[in-house]
Amino acid sequence: MIFDTHCHLDAAPLGADTEAVLARARAAGGERVLVPGVRPAQWDALEALRGRHPASVAIALGIHPQCLPEMSSLERASGLEALEAQARRSRAVAIGDCGLDGATARDQGVSLEAQAAVVRRHVEVADRLGLPLIVHAQGAMGASLALFESLGPRRHGAVLHAFGGPAALVPRWAAIGFSFGIGPPITWPRARRAQDAARALPHARQLRGPPGPGTNQPPSRVGEPAEARAVLAALAALRDEPEALVRRASTENALRLFG
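Everything in this summary refers to the structure shown in the same document.

**Some words on helix α2 (residues 40–52)**
Next up, step 1: Those residues of α2 not exposed but buried are Pro40, Gln42, Trp43, Leu46, Leu49 and Arg50. End-on, the buried residues of α2 take up no more than an arc of 125°, which puts them together on one face. Seen from the open side of α2, the exposed residues pointing more than 90 degrees away from its buried face are Ala41, Asp44 and Arg52.
Next up, step 2: Residues of α2 that are buried make contact with α1 (18–27), β2 (30–36), β3 (57–61) and α3 (73–89).

Spelled out as structure tokens, the structure:
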């Protein structure tokens, strides 16, 4: 099986026809999709999506840093207060999306310090529930690494999704318990840094998960679960390894983290 560990299946354009997206995924060998949450107003719909597709869909709950500017202080506070109870009730397999976003700090007025305070609340919930974290670190890789190194190793695991490098940071992230989500960017001819990073990943920490809305990619490059086989084939070619080995490692790592 192929386990897509990061797909915003409920958001445009994929959310317009979830049934068709999942059918394409199954035809390509994809049997499981993890859909991360991005803001509290969406969490109930995620629970309903999982209920409609219990054999195919798992969910995570969190507050994405790019959503913070759109949320009132009351929505942020009440969402963080409700996160633990709703994650239990919804049978979430992870906590996230959460993390730091450089453009949000630079252009939207939510500082990295304010974003980090939200991240710390996610970490507390994940630790209490014994769940892994799903972490966004776009345009703030150094600050993100410093934050999580200060918080200590993730005993229940974590994923740095849509990881695009630099490869030199892989050992430091791995040392604090992180795995790495690899998606369609490694198939793009000019994505040299993402390709170098993919070559550097240890087998025990590689996961298949495409970028979704919020990764500053045009809609035609949003990524969907049906692309899993092509991404894994590209990863195998980059690493000069058998595709079966790469597929098996990705699936075993996903099951270890998310069940």
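**Notes on the packing of α2 against α3**
Next up, step 1: With their axes 9 Å apart at the nearest point, α2 and α3 run at an angle of 20° to one another. Classed by the angle they form, the pair α2 and α3 counts as roughly parallel. At the point where α2 passes α3, the crossing takes the left-handed sense. Together, Pro40, Ala41, Trp43, Asp44 and Glu47 of α2 and Glu75, Gly79, Leu83, Gln86 and Arg89 of α3 make up the contact between the two elements.
Next up, step 2: Partitioned by chemical class, the residues of the contact of α2 with α3 number 4 nonpolar, 2 polar and 4 charged.

Cut-offs used in this document
Residues numbered from 1 in each chain as written. Predicted model: local features only at pLDDT ≥ 70, side-chain atom pairs only at ≥ 80, totals over all residues. Heavy atoms only, no water. Buried < 20%, exposed > 50% of the residue type's maximum accessible area, 1.4 Å probe, protein only. Helix = DSSP H or I, 4+ residues; strand = E, 2+ residues; numbered from the N terminus. Arc of directions from axis to C-beta. Contact = heavy atoms within 4.5 Å. Axes fitted to C-alpha atoms, helices over the stretch in contact; angles between N-to-C directions. Parallel < 35°, antiparallel > 145°, perpendicular 65-115°, else oblique. Left-handed = near helix turned anticlockwise from the far one by under 90°. Nonpolar A, V, L, I, M, F, W, Y, C, P; charged D, E, K, R; others polar.

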